[in-house]
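Overview (structure and organization)
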Amino acid sequence: MRHKRIVVTHYGGADALRVIEEECPEPESVQVRVRVDAAGVSLPDVMAREGVHPETPPVPFTPGWDLVGVVDRLGKDTSGIELGQTVAALPIHGAYAEFVCLPQSELVPVPSGLDPAEAVSLVLNYITAYQMMHRAAEVRPGQRVLIHGAAGGVGTALLQLGRLDRLQMYGTCSSRGAPTVSELGGVPVDYEHQDFVEEIHRLTGDGVDMVFDPIGGNHLWHSRKALRPGGTVVGYGLRSSMRGQGLASGRPGRRHRFGGTAAFGLVIAGGWLLPGKKRVVPYSIQTLKRLKPESFRQDLVALFELLRQQKIRPLIAKRFPLAAARQAQELLAHGGVTGKIVLVVNQDRPSLLGQQLPR
Ligand SMILES: NC(=O)c1ccc[n+]([C@@H]2O[C@H](COP(=O)([O-])OP(=O)(O)OC[C@H]3O[C@@H](n4cnc5c(N)ncnc54)[C@H](OP(=O)(O)O)[C@@H]3O)[C@@H](O)[C@H]2O)c1
């Protein structure tokens, strides 16, 4: 049987994405083959395509941090997992494909009846938001928080989870994202036309307890200025290291995974050394998952339960077929997207479960 997957052929713009067709992968002994239903499109995918994300693999590679799909074939040494079961995973790369083989230990069961596009939004964006709030830092009801990029994938997740925790929320966004930020309970601050540090002090007096900052670089220093004494900045991205805002079309780049991390280290150290008891702490989903895989699993199960109970409702900005991965990444990089872009995969492929070979 053949399948399609997307490949990044060189580091650079969206023209680096190609669709290839090949034989379906076969699972090794403790692997499971998953027929992908939905794969998330996120800024880390765009950054890896540009070669600037710390998790960038060597080219050629298949992008895609997160997926939801159905177990379609079992390796001979797997146990306790059923054909036809819906599962989620965070492979970091590889999800932009019709079929993916992953170790069984990487898979988390998804409750039945959920929309795969909504479910996949939890795997990278909501886990990131949840773990920043409850593991990297510890938010308490009533605290004031500033969320940068509040209309984006992770930003809208922070707003929805922050509302459940009864936080007072402020969110930087462009004017296009302001209605969404208000609807989700945040006070929008226009990052293109306002100085967010001034605006936060005007709105709050002494500043906020916590800032979630995906921009990195100098931006972290400004975020620190928005804190009240004793506050914390959680730094979780290096958007500032992207070339041409992810639209560097036609310019082959190179793998440059650690740009901006030295500046990050300096800001963290400064947080401890400078007066004001203002801390800057880093968060990385992949590091925490490697160190504490059980926490990742536990948090994802808790988030699926919140989705099942309709206490959270991921915003799906747009659904694209797999072959339109390039357009999906271009749309994300252009900006003005509210919520998560999702690749909807295998929609027209009949179920293959009747054709399983014996294990
Ligand atoms: N550390 C981790 O474990 C982890 C995990 C997941 C994601 N991330 C990071 O999280 C970030 C967001 O990812 P995403 O997929 O949610 O991206 P996204 O959906 O594209 O959202 C990014 C948002 O940031 C806004 N923005 C751009 N420049 C800004 C600025 N200077 N100030 C404030 N807002 C700004 C954009 O608004 P407009 O488009 O309207 O301009 C957009 O709404 C990325 O940097 C990613 O690497 C980190």
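Residues numbered from 1 in each chain as written. Predicted model: local features only at pLDDT ≥ 70, side-chain atom pairs only at ≥ 80, totals over all residues. Heavy atoms only, no water.

**Examining the overall build of the protein chain**
The following threshold applies: Helix numbers and strand numbers start at the N terminus; a helix is a DSSP run of H or I with at least 4 residues, a strand a run of E with at least 2. Think of it in three bands: with a 1.4 Å probe and only protein chains considered, a residue is buried below 20% of the maximum accessible area for its type, exposed above 50%, and partly exposed in between. Contact between two residues is taken to exist if any of their heavy atoms lie within 4.5 Å; hydrogens are not considered. Per-residue accessibility takes into account occlusion by the displayed protein chains alone, with areas from the Shrake-Rupley method and a 1.4 Å probe.
When its secondary structure is counted, the protein chain shows ten helices and 15 strands. Across the 359 residues that make up the protein chain, the buried fraction comes to 55%. Intrachain contacts of the protein chain at a sequence separation of at least 6 include 70% that bridge at least 24 residues. Only carbon and sulfur atoms are counted for the fraction: they give 52% of the accessible area of the protein chain, which is about 15,400 Å².

**Overview of the packing of helix H2 (residues 116–136) against helix H3 (residues 153–164)**
Packed helix pairs are specified by the crossing angle of their axes together with the interaxial distance, meaning the distance between the axes. Defined as follows: To define axes, lines are fitted to C-alpha atoms, for helices over the stretch in contact only, and angles between the resulting N-to-C directions are given on a 0 to 180 degree scale. Roughly parallel means an angle under 35 degrees; roughly antiparallel means over 145; roughly perpendicular covers 65 to 115; every other angle is labelled oblique. What makes a crossing left-handed is the near helix being turned counterclockwise from the far one by less than a right angle; a clockwise turn instead makes it right-handed. All amino acids are sorted into three groups, where Ala, Val, Leu, Ile, Met, Phe, Trp, Tyr, Cys and Pro are nonpolar, Asp, Glu, Lys and Arg are charged, and the leftover types, Gly among them, are polar.
Direction vectors running N to C along H2 and H3 enclose 55 degrees, while the axes themselves pass 8 Å from each other. The angle between H2 and H3 places the two elements in the oblique class. Here H2 runs over H3; the crossing is right-handed. Side by side, H2 and H3 meet where Asn125, Tyr126, Thr128, Ala129, Tyr130, Met132 and Met133 of the first sit next to Gly153, Val154, Thr156, Ala157, Leu158, Gln160, Leu161 and Gly162 of the second. Tallied by class, residues from the contact of H2 with H3 come to nine nonpolar, six polar and no charged.

**Section: the environment of valine 345**
By secondary structure assignment, the location of valine 345 is in the segment after strand S15 (340–344). As a C-alpha pair, valine 345 and alanine 38 span 307 residues in sequence and 5.6 Å in three-dimensional space. When near neighbours in sequence (up to four residues on either side) are disregarded, valine 345 contacts Val36, Asp37, Ala39, Ala97, Glu98 and Leu322.

**Points about the side chain of threonine 56**
Here is the rule we go by: Throughout this description, a polar contact denotes any pair of N or O atoms lying within 3.5 Å of each other; where both atoms belong to protein, one of them has to be capable of donating a hydrogen while the other can accept it, and for residues adjacent in sequence the pair is counted only when both atoms sit in side chains.
Within the secondary structure layout, threonine 56 lies in the loop between helix H1 (43–50) and strand S4 (67–74). Within polar-contact distance, the side chain of threonine 56 engages the backbone oxygen of histidine 53 at 2.5 Å.

**So, the site of the ligand**
Rules: Here a residue is considered near a molecule or strand provided that any single heavy atom belonging to it is located within 4 Å of it.
With respect to spatial proximity, 25 residues lie near the ligand, and among them Ser174, Tyr191, Tyr236, Ile285 and Gly336 are the closest. Within the backbone of glycine 153, one N or O atom sits 2.8 Å away from an oxygen atom of the ligand. Here an oxygen atom of the ligand and a backbone polar atom of glycine 336 are 2.6 Å apart. In the complex, 91% of the free accessible area of the ligand, which totals 930 Å², lies under the protein chains. Mapped by element, the contributors of at least two residues to the shell around the ligand are H1, H2 and H3. With three residues, the single largest contributor to the shell around the ligand is H1.

**A word on the sheet that holds strand S11 (residues 208–213)**
Our working definition: A strand pair is defined by DSSP finding two or more bridges across the two strands.
If you walk across this open sheet you meet the six strands as S10-S9-S8-S11-S12-S13, and the pairing is parallel. What marks the edges here is a single partner per strand, and that holds for strand S10 (186–190) and strand S13 (279–282). Going across the sheet, the axis of each strand differs from the next one's by a mean of 20 degrees, ignoring polarity. Relative to S11, strand S8 (residues 144–147) runs parallel, the two being bridged by three bridges. Across the sheet, residue isoleucine 147 finds its bridge partner in S11, namely phenylalanine 212. Along the sheet face, H3 touches S8, strand S9 (168–173), S10 and S11 and points at about 170 degrees away from the line of S9.

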